[in-house]
Amino acid sequence: MKVPFLRDLLLSDSIYIGSKHSPLITCRLSPPGLGKPGDPAKGGLPMTEYALRQEAFKQAEIAAAA
């Protein structure tokens, strides 16, 4: 929890740490470059920038599926 990057992944349920009888780390990462909305002073993005990134990601997914 001392490493901000890993802390954010753990708190957002993007990864979890399991017992030694199962895979230690399972990743369910969010789309790359999307970021998270919130206060820029705390590492977040303004809502307008976040919405632009969401739309760009959506269009990229549509293009990739075509």
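Thresholds applied
- Residues numbered from 1 in each chain as written.
- Predicted model: local features only at pLDDT ≥ 70, side-chain atom pairs only at ≥ 80, totals over all residues.
- Heavy atoms only, no water.
- Helix = DSSP H or I, 4+ residues; strand = E, 2+ residues; numbered from the N terminus.
- Buried < 20%, exposed > 50% of the residue type's maximum accessible area, 1.4 Å probe, protein only.
- Contact = heavy atoms within 4.5 Å.
- Areas by Shrake-Rupley, 256 points an atom, 1.4 Å probe, with all protein chains shown as cover.
- pLDDT = per-residue confidence, 0-100.
- Salt bridge = Lys/Arg side-chain N within 4 Å of Asp/Glu carboxyl O.
- Patch = residues over 30% accessible without salt bridge, like charges linked within 9 Å, V, L, I, M, F, W, Y side chains within 5 Å.
- Polar contact = N/O pair within 3.5 Å; in protein donor to acceptor, adjacent residues only side chain to side chain.

Looking only at helices and strands, the chain features 2 helices and 2 strands. Sequence-ordered secondary structure for the chain, helices as α and strands as β, is α-β-β-α. In the chain, which comprises 66 residues, the share counted as buried stands at 11%. Taking the intrachain contacts of the chain between residues at least 6 apart in sequence as the baseline, contacts between residues at least 24 apart amount to 4%. Carbon together with sulfur atoms contributes 64% to the accessible area of the chain, which is approximately 5,500 Å² in total.

Bringing the confidence of the model for the chain into the picture now. Per-residue confidence for the chain gives a mean pLDDT of 78; residues scoring 70 or more make up 77%. Strand β2 (residues 25-27) is the least confidently modelled element of the chain, averaging 53 in pLDDT, while helix α2 (residues 47-65) averages 87, the highest of any element.

Turning next to the pattern of salt bridges. Taken as a whole and assessed by the stated rule, the structure comprises 2 salt bridges. The residue D8 makes a salt bridge to K36 at a minimum N-O spacing of 3.2 Å. In this pair, D8 is assigned in helix α1 (residues 4-11) and K36 in the loop between β2 and α2, connecting sequence segments 28 residues apart. Ionic pairing is found between E49 and R53, a salt bridge with its closest N-O pair at 3.0 Å. Placement of the pair is E49 and R53 together in helix α2, with a separation of 4 residues, close to one helical turn.

Residues V3, F5 and L6 make up a contiguous nonpolar surface patch of about 300 Å² in total accessible area. Along the chain, L6 falls in helix α1.

Take E49: its relative accessible area is 30%, and that puts it in the partly exposed class. When the C-alpha atoms of E49 and P37 are compared, they prove to be 8.4 Å apart, with 12 residues separating the residues in sequence.

The next thing to look at is the side chain of S14. For S14, the location among the structural elements is in the loop between α1 and β1 (15-17). Relative accessible area serves as the criterion here: at 8%, S14 is assigned to the buried category. A distance of 2.9 Å separates polar atoms of two side chains, one belonging to S14 and the other to S12.

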